[in-house]
Amino acid sequence: MAYAITQTCCNDASCVSVCPVNCIHPTPDEPEFGTTDMLYIDPRACIDCGACADACPVDAVFPVDRLRGPDTVFGDLNRDWFRDHPSDHAWGAPSFPRSLPGELGTLRIAVVGTGPSAGYTAQELLRSTSAEITMIDRLPVTGGLLRHGVAPDHQSTKRIVESFASVFHDPRLRMHLNVEIGTDVSHQELAAHHHAVVYAVGAAADRRLGIPGEDLPGSLPATTFVGWYNAEPTVPAEAVELSAAERVVVVGNGNVAVDIARILLTDPDRLAATDIADHALAALRRGRVREVVLLARRGPEQAAWTRAEFLALRQLPGVEVVVADDPQVRAAIEPAGVEPGAGAGAGAGAPGSGSGAALLAGLPLVPYDGAAAPAPGRRIVLRFLSAPVELSGDGRVEALTVERTTLAADGRVEGTGERDVLRAGLVVRSIGHRAVPLPGLPFDERAGTVAHRAGRVVDPATGRPLPGTYVVGWAKRGPSGGIGANRACARETVDALLDDATARALPVPEADRRDFERLVRRRRPDAVGLRELRAVDRAERERGESEGRPRVKLATVPELLAAGRRR
């Protein structure tokens, strides 16, 4: 029986490298790698060896005959992808690890950040060179997006952090956490102690709606809401108030918006078995949220969620998913092959067809009045072709005015002038992220990223690279691609760095590793190293063990520092 890849696929291609018959695609050498929702196994070519399942860092690979309930659809998804992407599974040209000439000596490389892109960068460097690595993070814990971005009910996805354990414990790597570049140590000081600096700092800023009332209490960016339920130390426990909200509007319909809707409506008893923040779990238990509206300016075909995430949303126990009726939306869904309201079983909507509207076929199309109280029960309302115009309320958000939209022939969104009001106690904007300008580095305002060329940071005015300065991850390419996409991104940046090293183009550090460690201790006496990090990990796991949870996160910087000292 063939194997199939399921919802939690991380796209990092660990499975591709071990498949003996090359039946997992797209591979890192193929154009679609990093842009597809997930990777796929061809059931016609799979030899049932199980190597991919053993290699998968997030337990996403299963024999098709072992898939149960909502997961059975993934057998069809894997099969149908190859219907649209036929392959003879021929092997491409072999590739070999990079290496550096021995006479270059030992490079010292700083990596700023400890999330997936930083982890893959350090992994590549440690495997292909004899370099000494310095990892730096502004928070007193590692993980980045893996710790503070992945939803708590996706515990298997978080397991990819285990693949970085050997990286963080490598004797050639030194870790300095609770240290912020640009505040505690400047870029120039960092560069003066290393041959090269790689920035893996993500995209920490949210895009704004630019409408009146956006700054009212009860209007939040998605990063705040996600950080709140994931115990991000810079997001206070009181950042989200749910006690007065029966309806929440999430502006956007990407995977982050889907995560927020799912967390808001999942039974708190189910979330209690995860690593969700204690304060978030308590608030969700007290909360009154019964309806979440996912608001989109465009239509069903342009929905930004991935198929795997949306199919999981349709199977959320005790939660009905409905579509707000609209003639244009109805016209988009009905040709998908299933009449609206015909049932929302796992096979409804021909999920393997690649059509965004096909995923909605079978969901109820309902008249929707956002000015009225939410309907009985718990439900998610998908409202398309609606643009936010204004937030209003007496001291905090109470309502969102929206304008109905239409799509022009050239794909532009145009307002129709028809407006209505959605009463809501909380509005979360989830319309994308931007990198944050870093002191001492050029920034591309238009792209919202660090200015670069193939990972080399460049001066936008001249196009010339800044010697020894590189970027990787979302700060490099923008907020696109899942966790595994950072692997290929890191490889490109590391290749550029190694090319520059071979060409003797890297600057020679003015000071050594010990000088940098003394500088950090002087500037940040409370900096956290590997020993303290291990103590934090033990403390969180011990707290979790006593409650039947994977861990109970420490949610503030003082708590994390105190746990690190108890080693």
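Visitor: Any details on the overall build of the protein? Residues and values, ideally.
Guide: Check the secondary structure of the protein and you find 19 helices and 25 strands. Expected size for 567 residues packed as a compact globule is a radius of gyration near 24 Å; at 24 Å, the protein falls within 12% of this value. Going through the 567 residues of the protein one by one, you find that 55% of them count as buried. Taking as baseline every contact in the protein between residues at least 6 positions apart, the subset at least 24 positions apart corresponds to 75%. A total of about 23,600 Å² of accessible surface is found on the protein, and carbon and sulfur atoms cover 50% of it. For the protein, the separation between the mean place of its 65 positive charges and that of its 73 negative charges on side chains is 4 Å.

Visitor: Which residues make up the sheet that holds strand 14 (residues 365-366), and what values do they have?
Guide: Taken together, seven strands build an open sheet; the order of strands is 10-19-11-12-15-13-14 and the sheet is parallel. Both edges of this open sheet fall to strand 10 (219-221) and strand 14, since each of them pairs with a single strand only. In this sheet, strand 15 (residues 378-383) lies alongside strand 13 (residues 319-324) in parallel orientation, the contact comprising five bridges. Note that in strand 15 the partner of V321 across the bridge is I380. Against the sheet, helix 10 (residues 255-265) makes contact with strand 11 (247-251), strand 12 (291-295), strand 13, strand 15 and strand 19 (426-429), and its axis sits at roughly 175° relative to strand 12, the strand it touches most.

Visitor: Report on the pairing of strand 15, specifying residues and quantitative values.
Guide: The buried fraction of strand 15 amounts to five of the six residues, a majority that puts the element mostly inside the structure. Pairing geometry for strand 12 and strand 15, over five bridges, is parallel. Bridge assignment links V292 to a residue of strand 15, and that residue is I380.

Visitor: Could you give an account of the environment of E238, naming the residues involved and the relevant values?
Guide: Relative to the elements of secondary structure, E238 occurs in the loop between helix 9 (222-229) and strand 11. Judged by relative accessible area, which is 64%, E238 ranks as exposed. Separated by 305 residues in the primary sequence, E238 and R543 place their C-alpha atoms 22 Å from one another.

Visitor: So what's going on with the packing of aromatic side chains? Residues and values would help.
Guide: All chains considered together, the criterion is met by seven aromatic pairs. Consider the rings of Y40 and W81, whose centres lie 5.0 Å apart with planes at 10°: the pair is stacked. Residue Y40 is found in strand 3 (residues 40-41), and its partner W81 is found in helix 3 (residues 73-84); the two are separated by 41 residues along the sequence. The pair formed by Y40 and W81 is uniform in burial state, with each residue classed as buried. When the ring of W305 is compared with that of F310, the centres are 4.4 Å apart and the planes differ by 15°; the resulting orientation is stacked. The exposure classification of W305 matches that of F310, with both residues buried. One aromatic cluster in this structure is built from Y40, W81 and F82.

Visitor: I'd like to hear about the sheet that holds strand 18 (residues 413-423), residue by residue, with values.
Guide: Across the sheet, which stays open at both edges, the three strands sit in the order 16-17-18 with antiparallel pairing between neighbours. A single partner strand is all that each edge strand has here, and the edge strands are strand 16 (386-392) and strand 18. Neighbour-to-neighbour, the strand axes of this sheet turn through a mean angle of 25°, independent of strand direction. Pairing analysis gives six bridges linking strand 16 to strand 17 (residues 399-407), with the strands arranged antiparallel. Counterpart to S386 in the pairing with strand 17 is R404.

Visitor: Just give me the short version of the confidence of the model for the protein, but keep the residues and values in it.
Guide: In the predicted model, the protein carries a mean pLDDT of 91, and the fraction of residues at 70 or more is 96%. Between residues 336-353, whose pLDDT stays under 50, and residues either more than four places distant or in other chains, the model counts 50 contacts.

Visitor: Please provide a residue-by-residue account of helix 18 (residues 530-547), values included.
Guide: With 18 residues, helix 18 extends 26 Å from end C-alpha to end C-alpha; this agrees with the ideal 26 Å at 1.5 Å per step. Of the surrounding elements, those touching the buried residues of helix 18 are helix 5 (145-148), strand 7 (173-177) and helix 19 (557-565). Backbone geometry just downstream of helix 18 places G548 in the positive-phi region, at approximately 70°.

Visitor: Account for the pattern of salt bridges, with residues named and values stated.
Guide: Enumeration over the complete set of coordinates arrives at 47 salt bridges. One salt bridge connects R513 with E132, and the closest N-O pair in it is separated by 3.5 Å. Here the residue R513 occupies a position in helix 17 (residues 513-523), and E132 occupies one in strand 6 (residues 132-137), the gap between them amounting to 381 residues. Judged by relative accessible area, R513 falls into the buried class, the value being 14%. As a salt-bridge pair, R172 and D170 come within 3.8 Å of each other at their nearest N and O atoms. Residue R172 is classed as partly exposed on the basis of its relative accessible area, which comes to 25%. What emerges from the salt-bridge pattern is a single network uniting D76, R79, D80, R83 and D84.

Visitor: Just give me the short version of the environment of D71, but keep the residues and values in it.
Guide: Residue placement: D71 occurs in the loop between strand 4 (61-63) and helix 3. Sequence spacing of D71 and L311 is 240 residues, and the spatial spacing of their C-alpha atoms is 9.1 Å.

Thresholds applied
Residues numbered from 1 in each chain as written. Predicted model: local features only at pLDDT ≥ 70, side-chain atom pairs only at ≥ 80, totals over all residues. Heavy atoms only, no water. Helix = DSSP H or I, 4+ residues; strand = E, 2+ residues; numbered from the N terminus. Rg over C-alpha atoms; globule rule 2.2 N^0.38 Å. Buried < 20%, exposed > 50% of the residue type's maximum accessible area, 1.4 Å probe, protein only. Contact = heavy atoms within 4.5 Å. Areas by Shrake-Rupley, 256 points an atom, 1.4 Å probe, with all protein chains shown as cover. Lys, Arg positive; Asp, Glu negative; His and termini not counted. Charge placed at Lys NZ, Arg CZ, Asp CG, Glu CD. Pairing = 2+ DSSP bridges. Axes fitted to C-alpha atoms, helices over the stretch in contact; angles between N-to-C directions. Phe/Tyr/Trp six-rings, centres within 6.5 Å; stacked < 30°, edge-to-face > 60°. pLDDT = per-residue confidence, 0-100. Expected span 1.5 Å × (residues − 1). Salt bridge = Lys/Arg side-chain N within 4 Å of Asp/Glu carboxyl O.

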